[in-house]
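# Structural features, examined
This is what each chain is made of:
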Amino acid sequence: MSDVLLSARGLTKRFTTRGPYGRRKEFTAVDGVSFDVRPGETLAVVGESGSGKSTSARIVAKLMDPSAGTLEFEGEDVTRATGARLARYRADVQVVFQDPFSSLNPRHTVERILMAPLDYQGIAPTGGRRAHTKELMERVGLNPDHAQRYPAQFSGGQAQRIGIARALAVNPKLVICDEAVSALDVSVQAQVIDLLLRLQRESGFSYLFIAHDLAVVRRMAQRVAVMSNGKIVEQGPCRQVFDAPGDPYTRTLLAAIPRINPEWDRRRRAAAG
Amino acid sequence: MNELLAVQNLTVTLPTTRGPVDVVKDVSFTVGRDETVGIVGESGSGKSMTSLAIMGLLPRGAMTKGSIRLDGAELLHRTDREMRRIRGEQASMIFQDPLSSLNPYYTVGLQIEEMYRAHRGGSRKAARKAVVEALRQVGIPEPQERAGHYPHQFSGGQRQRIMIAMALVCSPALLIADEPTTALDVTVQAQILRLLADLQRQTHTGMVFITHDLAVIGSIATRVLVMCEGQQVEYGTAEQVFSAPRHAYTRRLLESIPRITDDLPADEVVL
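To start, this report covers the structure provided alongside it. Within every chain, residues take consecutive numbers counted from 1 along the sequence as written. Whichever chain is written first becomes A and whichever ligand is written first becomes 1, with later ones labelled in order. Where totals are concerned, whole chains, interfaces and linings use all residues; where local detail is concerned, this predicted model gives features only for residues with pLDDT of at least 70, and gives and counts side-chain atom pairs only at 80 or more. Values reported for side chains reflect all heavy atoms of the structure, with hydrogen atoms and water molecules removed beforehand.

### Some words on helix α2 (residues 80-89) of chain B
All names here are of chain B. Exposure categories follow from relative accessible area, calculated using a 1.4 Å probe and restricted to protein chains: below 20% of the type maximum is buried, above 50% is exposed, and the middle band is partly exposed. Here a helix means four or more residues in a row that DSSP labels H or I, a strand means two or more in a row labelled E, and each is numbered from the N terminus. Those residues of α2 not exposed but buried are Met83, Ile86 and Gly88. Summarising the axial view, the buried residues of α2 lie within an arc of 170°, below the 170-degree limit, and thus occupy one face. In α2, the exposed positions angled more than 90 degrees off the buried face are occupied by Arg81 and Arg84. The contact criterion used throughout is that any non-hydrogen atoms of two residues lie within 4.5 Å. Along its buried surface, α2 packs onto α1 (47-55), β4 (63-70), β6 (91-94), α4 (108-120) and α7 (156-168). In this context, the arc is that of the directions from the helix axis out to the C-beta atoms.

### Focus on the nonpolar core
When a protein is soluble and globular, its nonpolar side chains tend to lie buried together. Counting residues in each nonpolar core, the largest one holds 57 residues, and the members touching the most others are Ile164, Leu196, Phe209 and Val217 of chain A. The nonpolar core is taken to be a set of buried Ala, Val, Leu, Ile, Met, Phe, Trp, Tyr and Cys residues, with the residues joined through side-chain atoms within 4.5 Å. In this structure, Ile140, Ala147, Ile164 and Ala167 of chain B belong to the second largest nonpolar core, which totals 55 residues.

### Comments concerning the interface of chain B and chain A
Each side of the interface is counted separately: chain B has 33 residues, and chain A has 33 residues. Taken over both partners, the interface formed by chain B and chain A buries close to 3300 Å², and the fraction arising from carbon and sulfur atoms is 60%. Whenever Lys or Arg places a side-chain nitrogen within 4 Å of a carboxyl oxygen from Asp or Glu, that contact is recorded as a salt bridge. Run the count over chain B and chain A and you get one salt bridge. A salt bridge links Glu239 of chain B to Arg267 of chain A, with the shortest nitrogen-to-oxygen separation between them at 2.7 Å. Two N or O atoms form a polar contact when they lie within 3.5 Å of each other; inside protein one atom must be a possible hydrogen donor and the other a possible acceptor, and for residues adjacent in sequence the pair counts only when both atoms belong to side chains. Applying the counting criterion to the chain B and chain A interface returns nine residue pairs in polar contact (both at pLDDT 80 or more). Among the secondary structure elements, those contributing two or more residues to the side of chain B that touches chain A are α8 (186-203), α9 (214-220), α10 (238-243) and α11 (248-256) of chain B. Three classes are used: nonpolar for Ala, Val, Leu, Ile, Met, Phe, Trp, Tyr, Cys and Pro, charged for Asp, Glu, Lys and Arg, and polar for all others, with Gly counted as polar. Grouping the amino acids of the side of chain B that touches chain A by side-chain chemistry returns 17 nonpolar, eight polar and eight charged. Buried area adds together the accessible area that both of two parts lose upon being put together, with accessible area traced by a 1.4 Å probe.

Remember, this is a structural readout, not a statement about activity or role.
Dropping the structure here:
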């Protein structure tokens, strides 16, 4: 296996919109974006709204075709993959979305939701559906007795765990998290981040972690790409990008983060021991 | 002490299909002139209900106990008519989503003007002048011309500036900001926070700032009230709450926020 799992080269996505009086306007959402995701690592893509980070994620998830550029997975060009090859890609690459409730079918039980990726692949789980569901629910910290419940019967944090369990059902090599912890309350967010980190340690898959919150990215990722206006303005190890940002936009972004007085933080930690 | 707002033993009870529920339980705090008090809590903590109680905007059927005094005058159990007078003139509020607070069919100038004339009366000409001045104050470039534009013609950050202009056009003594920067990008958030702090210094407005984001509270508030499940779990100066939290819930909340200043984990894979 090569040391690059996913390789994006020059990804570009143009949208045509209709302006006033039906005039066509072309808008470039993603503009020549290149990055690599290595096995077992987390690459974060950060940026503000409209920076193109979610569009990039959707291209990688093959929910959308790029206008230009190529996508390689394990050395194989999957940019225009269809049929069986696309199905294989979809087993290797899974997505966790921001809003768990709109990404889980409200009329399906947890078991049916978790088994859907396997059904799509035509795989019968070893040991049976019930046992596989139970195992997945336990892995993400859900009570396996709740397998016959519906999404609405869970809290936001629990529903996001269902979304994560579904992504893991087919043993993916890459999990794309599109603002997967953004909608959660801070204490729940911390738990879900811990869960995502633990699952990666256990299974060794990679994350493409899309987020606008740089502090969350710092906890999750080894490398980070900063996007602005459809382009990657800076890319590198977290330590380098956060501690010595080379691009003016990255510096502005870092300076804008609200901070608690570090002296207060220090005193609180000292008191806590 | 120069007290502007005094909330004492406030309890808000909402009727539900499963009987009455206390969504705010025995909350007390004060806001001085020139002061920003932050109310922080997770969803369902009662922070927004507290602010709606102050503004007299609680849902129908809500019951309140305790007292809310603004400049010494009791705000609870007023008639709708009296509260309409107070809202906008003595106490104003801005919300998370400016687009849903603005009418898409009217120019922003007209909407601010309506607010001004409802309270101050006077000629349209005088009102227009006040509108342009208010827009200038919140940093909208070319305010004269921009007053004639519709809400969709502004960016998210500018819309929030317009809401602030509308809230402050009658120079209220108290401004309640309920998650005003939550929907904004971080660089825009920083601009709005700076604007609010600057305006407060100029106009001596007392401010209640409601948010779920501790770091935002830490950067703007002088005093902090932490709420959880309707209860006030901690109340003190920002320094005290952040450096020596007394309650276990506050400590947990502070520990759970990821920080950009954190050291990277020791087991970081160096690539």
